[in-house]
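# Coordinate inspection notes
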Amino acid sequence: MDTSTHFVMGIGLAGLAYVDPVVATDPMLAAAVMVGTIAGSQAPDIDTALRFKSNSLYIRNHRGLSHSLPFLLLWVLLITGVIGLIFSGVSLGHVALWTAVAVGIHVFTDLFNTYGTQAARPFTERWIAWNIIHIFDPFLFTTHVIAILLWAFDLIAPAPLFTTLYILIGIYYVWRTIARALVVRKVRRMDNSPEPAKYIVIPTISWSRWHVVKTNKDGSYELGKIDGSELTWSLHATSSTHAAVVASRKAPEVSAFLYFTSYAVAEVEELPAGYKVRWADVRYRHRKQYPFVAVVVMDRNFKTIDTYVGWLSDEKMDKKLLSARP
């Protein structure tokens with residue numbers, strides 16, 4: 001999920017903690033639990049700071065080790081330890097319990113997005129992405145904000161309020177999971193491809209609209225969307241076999257990009273004295289652009305001149321690389 005949704009979920013879990021009688025009857029403990037749930041809801045994304053060192057390091061590691069099984073325990077221990085220093089005398093067992101709930105829900109909800117996580121590390125470094133919930137879901141964010149306001153103005157007691165909210169959210173997740181499974185089945189039936197193909201459907205903010213990526217037997221992709229009962233294909237995407245593409249794989253930025261995604265295509269643009277190789281993740285095509293890319297500018301001898309990896313519009317990326325063109 002996005003940072004703002006994780007934040008409101010941290011507050012929501014602090015409200016849910018009032019189902020615990022010990023928390024409900026101890027204002028100091030309730031405050032400590034709120035600090036724990038908010039911190040726990042944000043802690044796994046601390047690796048976002050890696051972007052200040054380099055985009056390739058960030059792409060390779062974001063939602064990786066910080067979302068892994070060992071780090072689930074580490075975050076709980078660190079946060080609980082710090083809270084114990086600030087709130088002396090509170091029951092750290094209750095703090096640890098609700099902090100663990102917050103950390104676990106953060107990682108679990110991230111699995112439902114297209115970006116995914118490496119939540120199964122150290123057993124596997126595979127990226128797990130279930131493609132069920134959009135990274136920003138208006139329903140999740142809005143219901144949390146409404147519940148928090150009702151609590152803040154003392155209109156409804158937190159225990160029944162947030163118990164109801166999370167039962168509702170649980171039902172919502174089940175419904176979205178079933179809805180996605182039905183859409184995948186519908187796409188397969190409507191496309192009726194004569195060749196073996198793999199389909200993934202990707203959620204959008206709209207409940208009825210999904211992006212569709214079809215992986216063909218030859219490794220190329222068909223990109224489209226399903227809106228209600230209408231399936232439309234808009235683009236065929238395939239990788240160039242130019243020698244510059246092979247050479248670009250040696251760049252750390254491209255290596256990080258390909259470590260993250262299995263849905264990449266490369267295209268080559270010839271420049272007056274070299275090449276520009278652009279790798280794009282076809283899952284994120286938006287308004288006829290690929291916002292998630294890795295780009296390498298090289299000379300005729302395939303020597304790297306400049307690189308970029310990350311989320312960027314075509315205009316901003318071209319402006320950044322313009323001065324580097326040979």
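Residues numbered from 1 in each chain as written. Predicted model: local features only at pLDDT ≥ 70, side-chain atom pairs only at ≥ 80, totals over all residues. Heavy atoms only, no water.

- Per an unreviewed UniProt entry, the protein carries the name Inner membrane protein and comes from Paenibacillus polysaccharolyticus.

### Topic: the nonpolar core
- Core analysis: the biggest nonpolar cluster contains 37 residues, and Ile133, Phe162, Tyr166 and Tyr173 have the highest contact counts within it.
- Of all the secondary structure elements, the ones that give two or more residues to this core are helix H1 (3-16), helix H3 (27-42), helix H5 (69-86), helix H6 (92-110), helix H7 (138-152) and helix H8 (158-191).
- Counting residues per element, this core draws most heavily on H8, which supplies seven residues.
- Sequence-distant contacts of Phe162, that is, excluding residues within four places in its chain, are made with Gly12, Gly15, Leu16, Ala147, Ile148 and Trp151.
- By size, the runner-up hydrophobic cluster in this structure holds 22 residues, among which are Val245, Ala266, Val277 and Val296. (Core = buried A, V, L, I, M, F, W, Y, C linked by side-chain atoms within 4.5 Å. Buried < 20%, exposed > 50% of the residue type's maximum accessible area, 1.4 Å probe, protein only. Helix = DSSP H or I, 4+ residues; strand = E, 2+ residues; numbered from the N terminus. Contact = heavy atoms within 4.5 Å.)

### With respect to the packing of aromatic side chains
- What the rule picks out here adds up to 24 aromatic pairs.
- Between the aromatic rings of Trp151 and Phe162, the centroid separation amounts to 5.4 Å while the plane-to-plane angle is 80°, which identifies the pairing as edge-to-face. With Trp151 in helix H7 and Phe162 in helix H8, this pair connects stretches of sequence that are eleven residues apart.
- Feature note: the residues Phe108, Phe112, Trp130, Phe139, Tyr172, Tyr173, Trp175 and Trp207 constitute an aromatic cluster, connected by ring pairs.
- Seen from the ring of Tyr58, Arg51 lies directly overhead, with NZ or CZ sitting 4.2 Å from the centre.
- The cationic tip of Arg300 hangs over the ring face of Tyr275; the distance from NZ or CZ to the ring centre is 4.9 Å. (Phe/Tyr/Trp six-rings, centres within 6.5 Å; stacked < 30°, edge-to-face > 60°. Lys NZ or Arg CZ within 6 Å of the ring centre and 35° of its normal.)

### Points about the pairing of strand S3 (residues 221-227)
- When you tally the buried positions in S3, you get five out of seven residues, the bulk of the element.
- Adjacent in sequence and paired antiparallel, strand S2 (residues 209-215) and S3 are bridged by five residues, among which Gly219 carries a positive phi angle near 90°.
- Bridging between S3 and strand S4 (residues 230-237) involves seven bridges; their strand directions are antiparallel. Across the sheet, Gly224 pairs through a bridge with Trp233, a residue of S4.
- If you look at the hairpin formed by S3 and S4, you'll find two residues sitting between the two strands, and Gly228 has a positive phi there, around 70°. (Pairing = 2+ DSSP bridges.)

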